[in-house]
Amino acid sequence: MRRSLTIAILAVFTALPLSAQNNWGLRAGVGAERKIAKGLDAGLEFNYHQTDNFKFTDRWSAGLSLSKRLYRNEAKTFNVKAGLGYKYLQVYNNWTTKYKGDETLNVPDGLDPEYYKENLYSFNLIDSYIEKRHRITTSLQASAELGRFKISLREAYQFTHTDSVEYNKDKYRYKDGWKPVESELDGKSASNKNVLRSKIGVDYDIPHWKYDPFVSYELFNSLDKSFETQKSRITAGVDFSFNKKHNFEVAYMWQNQHDDDEPAGSFICIGYKFDF
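Worth saying up front: this structure is predicted, and the values here are computed from it rather than measured.

Attention now moves to the overall build of the chain. If you tally the helices and strands in the chain, you get two helices and 15 strands. When each of the 276 residues of the chain is scored for burial, the buried share is 34%. When contacts within the chain are restricted to residue pairs at least 6 apart in sequence, long-range pairs at least 24 apart make up 57% of them. When the accessible surface of the chain is summed, it comes to about 16,500 Å², and 56% of that surface belongs to carbon and sulfur atoms. Positive and negative side-chain charges in the chain, numbering 39 and 36 respectively, have mean positions lying 9 Å apart.

Below you can see the structure in the form of structure tokens.
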């Protein structure tokens, strides 16, 4: 059975498109959860993300959550749970460049500044900056145990408010020689984003073994753009616990598409949660 499950997990990995794996990152999290009443739990979590092949910090976040069990059958094999959470995020944006000139030359944006200088192209250099975001999530989840399998389905509404931000923009202009750099203050206005997240997961409880494999698929749909699909995620890994208090998770996640919230690519996920 263990050998079959290992082969199945490897099959999931090899089935993933390789085109997005040029960008590797890390998603690390630590949290705590406490039962405060019958069927009511409170949680606290901190997360840290790296991207661009582990070179840069993408973000860090801190969050609070509440979950309430709405229904559970007598056999305790089926339950429905509602959740509410708040998360504060700081997102790091690295410096970027934007070509300014004749568009027919088809010069791409985002190249190293030296490329534009060596080829005598004008460009803007936008300094790195930090975006502050506030995120509220409400969710409804149902899970059912079928033998040693556990199947769960979760629907979550996610609202994100991004504060306005300012950053420096340096202008490099070439005309009969490089002109002195002109600097100006630029920025982004505050914005809101509404997303519906749909997730299905399957876990398997291996007898007499602490390591239980799982796989999940999650879909992100924009409620601001007529339910347009933004991205999807596939995650596969194992979770294990000690003394029913220390819970660990190690997984691989692949995200198929980059958006203004986070980059696409492959991610190593490591998590720890303490139950008390």
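Next comes the rest of the description.
Here we have 11 strands rolled up into a closed barrel, ordered E1-E2-E3-E4-E7-E8-E11-E12-E13-E14-E15, and mixed in their pairing. The mean angle between the axes of side-by-side strands here comes to 20 degrees, regardless of whether they run parallel or antiparallel.

Taken in spatial order, the four strands make up an open sheet running E5-E6-E9-E10, and their pairing is antiparallel. Because the sheet does not close on itself, it has two edges, and the strands there are strand E5 (96-99) and strand E10 (182-188). For this sheet, the mean angle separating the axes of adjacent strands, direction not counted, is 30 degrees. Summarising the sheet, strand E9 (residues 165-172) and E10 pair through seven bridges and their orientation is antiparallel.

Attention now goes to the packing of aromatic side chains. Following the criterion strictly, the structure yields 17 aromatic pairs and no others. Measuring from centroid to centroid gives 5.8 Å for Tyr115 and Tyr116, while their planes differ by 85 degrees, and the two rings are edge-to-face. Residues Trp209 and Tyr211 carry aromatic rings whose centres are separated by 5.5 Å and whose planes lie at 65 degrees to one another, so their mutual orientation is edge-to-face. Connected via pairs of aromatic rings, a cluster forms that spans Tyr99, Tyr115, Tyr116, Tyr121, Phe123 and Tyr172. Geometry around Phe267 places Arg27 over its ring, the cationic atom sitting 4.8 Å from the centre.

All right, on to the layout of surface pockets then. Of the voids in this model, the second largest pocket is the one considered here, and its volume is about 1,100 Å³. Lining the second largest pocket are 44 residues, with Asn93, Glu131, His258, Asp259 and Asp260 positioned closest to its centre. Looking at the lining of the second largest pocket, the elements that each hand over two or more residues are strand E3 (56-72), strand E4 (78-93), strand E7 (129-146), strand E8 (149-162), strand E11 (191-204) and strand E13 (228-242). The biggest single contributor to the lining of the second largest pocket is E7, with five residues.

This part covers empty space enclosed by the protein. In this approach, a probe sized like a water molecule rolls over the atoms, and the result shows the empty space that is left. The tally for this structure, following the rule as stated, stands at one cavity of 30 Å³ or more. Around the largest cavity sit Arg135, Gln158, Thr160, Lys193, Val195, Phe220, Gln230, Lys231, Asp259 and Asp261, which together line it. At the level of elements, E8, E11 and E13 are the ones that each hand at least two residues to the lining of the largest cavity. By residue class, the composition of the lining of the largest cavity is two nonpolar, three polar and five charged.

Quick look at the pairing of E13 now. Looking at chain direction, strand E12 (residues 212-222) and E13 are connected through 11 bridges and run antiparallel. Across the sheet, residue Val215 finds its bridge partner in E13, namely Ala236. Linkage of E12 to E13, two consecutive antiparallel strands, is achieved through a turn of five residues, within which Ser226 is found at a positive phi near 55 degrees. Both E13 and strand E14 (residues 246-255) contribute to a ladder of 10 bridges, which runs antiparallel. Paired with Ser241 across the strands is Asn247, a residue of E14. Hairpin geometry of E13 and E14 is characterised by an intervening segment of three residues between the two adjacent antiparallel strands and by a positive phi of about 60 degrees at Asn243.

Apart from glycine, the bulk of residues carry a negative phi angle, and the bulk of peptide bonds sit in the trans form. Of note, the phi angle at Asn53 is positive, near 55 degrees, even though the residue is not glycine. Among the structural elements, Asn53 can be located in the loop between strand E2 (40-51) and E3.

As a further point, take the confidence of the model for the chain. On average, residues of the chain score 91 in pLDDT, and 92% of them are at 70 or above. Per-element averaging of pLDDT across the chain places helix H1 (residues 2-15) at the bottom with 50 and E8 at the top with 98.

Next up on the list: the nonpolar core. Tyr99, Val107, Tyr116, Phe123, Leu125 and Tyr172 form the largest nonpolar core, which has six residues in total. If sequence neighbours within four positions are ignored, Val107 has contacts with Tyr99, Tyr115, Tyr116 and Tyr121. Formed by five residues, the second largest nonpolar core is a distinct cluster that contains Ala251, Met253, Phe267 and Cys269.

Here the focus is the side chain of Lys169. Topologically, Lys169 is positioned in strand E9. For Lys169, a relative accessible area of 13% corresponds to the buried category. Side-chain polar atoms of Lys169 contact the side chain of Asp186, separated by 3.1 Å. With residues up to four places along the chain from it excluded, the contact list for Lys169 reads Asn124, Leu125, Ile126, Glu182, Ser183, Glu184 and Asp186.

Rules used throughout
Residues numbered from 1 in each chain as written. Predicted model: local features only at pLDDT ≥ 70, side-chain atom pairs only at ≥ 80, totals over all residues. Heavy atoms only, no water. Helix = DSSP H or I, 4+ residues; strand = E, 2+ residues; numbered from the N terminus. Buried < 20%, exposed > 50% of the residue type's maximum accessible area, 1.4 Å probe, protein only. Contact = heavy atoms within 4.5 Å. Areas by Shrake-Rupley, 256 points an atom, 1.4 Å probe, with all protein chains shown as cover. Lys, Arg positive; Asp, Glu negative; His and termini not counted. Charge placed at Lys NZ, Arg CZ, Asp CG, Glu CD. Pairing = 2+ DSSP bridges. Axes fitted to C-alpha atoms, helices over the stretch in contact; angles between N-to-C directions. Phe/Tyr/Trp six-rings, centres within 6.5 Å; stacked < 30°, edge-to-face > 60°. Lys NZ or Arg CZ within 6 Å of the ring centre and 35° of its normal. 1 Å grid on protein atoms, 1.4 Å probe; cavity = no way out; pocket = protein on both sides within 12 Å on 5 of 7 lines; lining within 4 Å. Points joined across faces, edges and corners; volume = space filled by probe spheres on them. Nonpolar A, V, L, I, M, F, W, Y, C, P; charged D, E, K, R; others polar. pLDDT = per-residue confidence, 0-100. Core = buried A, V, L, I, M, F, W, Y, C linked by side-chain atoms within 4.5 Å. Polar contact = N/O pair within 3.5 Å; in protein donor to acceptor, adjacent residues only side chain to side chain.

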